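The lines below spell out each chain.
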Amino acid sequence: MLQALIPLALQFVPGLVGAAFGKNAESVAASVGEAAQAVFGTDDKDKIEKAIAADPKLAWAFKEKLLDLRDREGQREHDERMAELKGVENAREMFKSGGQGVASNLAYVTVAAFFVINGAMLWGYYALLTQGVQIKNPELVIAIANAVGLLAGFINSKAEQVYGFFFGSSVSARANAQAAGAALGDIAKKATGAGR
């Protein structure tokens, strides 16, 4: 019911689209419903449209509440990002003050897993394209493919976090691209024992 109000709300405030379909979509839909109740006394889309047709001033009142909602959502997202940055900053401080061993070992394992999982997937794709595979149990193959895809996605996201921790994830960090590549290569060699 409340989700039906989202397209109407976006007509008034298109800037709500990110919040309306983001991770807090349910909460945003509830807030849109509350705004509709406050202005129109109902959250029924058809009744709201009839009320707006009868009194266009109600549209401005609704839009004002939606703009407030958009601003609140923008502030919430900003606060979440600042908290994440603070968390990274705290982790880096802990790393500098003595946690290098644990962090480095986790980085080595994560990067090694990244290369192993993605290397295995590339080899599997190559074998599939060049040799073909006889599939006797399609359900099992689909289940395995889903599991491998989930595992690869998890490992790849963790490897991205390792990169972000050591080299930053901002636009300014692009200048470190060559150093990052070399460092990740060293980490992979140490993790797999290739550098010994």
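Residues numbered from 1 in each chain as written. Predicted model: local features only at pLDDT ≥ 70, side-chain atom pairs only at ≥ 80, totals over all residues. Heavy atoms only, no water.

Caption draft 1: Examining the overall build of the protein more closely. Along its length, the protein carries seven helices and zero strands. Counting every atom, the protein has about 13,300 Å² of accessible surface; 61% of that belongs to carbon and sulfur. (Helix = DSSP H or I, 4+ residues; strand = E, 2+ residues; numbered from the N terminus. Areas by Shrake-Rupley, 256 points an atom, 1.4 Å probe, with all protein chains shown as cover.)

Caption draft 2: Region of interest: the nonpolar core. If you look at the biggest cluster of nonpolar residues, it comprises 23 residues, and the most contacted ones within it are Phe12, Leu16, Val32, Phe40, Ile48, Phe62 and Leu66. Every element with two or more residues in this core is listed here: helix 1 (5-12), helix 2 (17-20), helix 3 (25-40), helix 4 (45-54) and helix 5 (57-130). Top contributing element to this core by residue count: helix 3, with seven residues. In this structure Val32 touches Leu5, Ile6, Ala9, Phe62, Leu66 and Leu69, once residues within four positions along its chain are discounted. (Core = buried A, V, L, I, M, F, W, Y, C linked by side-chain atoms within 4.5 Å. Buried < 20%, exposed > 50% of the residue type's maximum accessible area, 1.4 Å probe, protein only. Contact = heavy atoms within 4.5 Å.)

Caption draft 3: Inspection of the pattern of salt bridges at higher detail. With the rule as written, the count across this model stands at five salt bridges. Two residues, Arg76 and Glu77, come together in a salt bridge whose shortest N-O distance is 3.9 Å. By relative accessible area, which is 24% here, Arg76 ends up partly exposed. A relative accessible area of 28% means that Glu77 is categorised as partly exposed. A salt bridge links Glu80 to Arg76; the nearest nitrogen and oxygen atoms lie 2.8 Å apart. Within this pair, Glu80 and its partner Arg76 are both found in helix 5, separated by four residues, close to a single helical turn. Within the structure, one salt-bridge network assembled from shared partners comprises Glu73, Arg76, Glu77 and Glu80. (Salt bridge = Lys/Arg side-chain N within 4 Å of Asp/Glu carboxyl O.)

Caption draft 4: Fine view of the packing of helix 1 against helix 3. Axis separation between helix 1 and helix 3 bottoms out at 10 Å; the angle between their running directions is 75 degrees. Comparing their axes, helix 3 and helix 1 come out roughly perpendicular. Seen from helix 1, the contacting residues are Leu5, Ile6 and Ala9; seen from helix 3, they are Ala29, Val32, Gly33 and Ala36. For the contact of helix 1 with helix 3, the residue count by class is six nonpolar, one polar and no charged. (Axes fitted to C-alpha atoms, helices over the stretch in contact; angles between N-to-C directions. Parallel < 35°, antiparallel > 145°, perpendicular 65-115°, else oblique. Nonpolar A, V, L, I, M, F, W, Y, C, P; charged D, E, K, R; others polar.)

Caption draft 5: Up close: the layout of surface pockets. The calculated volume of the largest pocket comes to roughly 560 Å³. Looking at the largest pocket, it is lined by 18 residues, and the ones nearest its centre are Gly124, Leu128, Val141, Ile144 and Ala145. For the lining of the largest pocket, the element with the most residues is helix 5, which contributes seven residues. (1 Å grid on protein atoms, 1.4 Å probe; cavity = no way out; pocket = protein on both sides within 12 Å on 5 of 7 lines; lining within 4 Å. Points joined across faces, edges and corners; volume = space filled by probe spheres on them.)

Caption draft 6: Molecular detail of the packing of aromatic side chains. All chains considered together, the criterion is met by three aromatic pairs. Ring geometry for Phe12 and Phe62: centres 5.5 Å apart, planes at 80 degrees, overall edge-to-face. On the criterion of sequence distance, the pair formed by Phe12 in helix 1 and Phe62 in helix 5 is long-range, its members being 50 residues apart. Each ring, one from Phe114 and one from Phe115, has its centre 5.2 Å from the other, and the planes form 80 degrees; the classification is edge-to-face. Using a relative accessible area of 28% as the deciding quantity, one classes Phe114 as partly exposed. Among the aromatic side chains, those forming a connected cluster through ring pairs are Phe12, Phe40 and Phe62. (Phe/Tyr/Trp six-rings, centres within 6.5 Å; stacked < 30°, edge-to-face > 60°.)

Caption draft 7: A look at helix 3. For helix 3, spanning 16 residues, the distance from its first C-alpha to its last is 22 Å, which sits close to the expected 22 Å at 1.5 Å a residue. Among the residues making up helix 3, those that are buried are Ala25, Val28, Ala29, Ser31, Val32, Gly33, Ala35, Ala36, Val39 and Phe40. Looking one or two places after helix 3, you find Gly41, whose phi comes out positive at around 80 degrees. (Expected span 1.5 Å × (residues − 1).)

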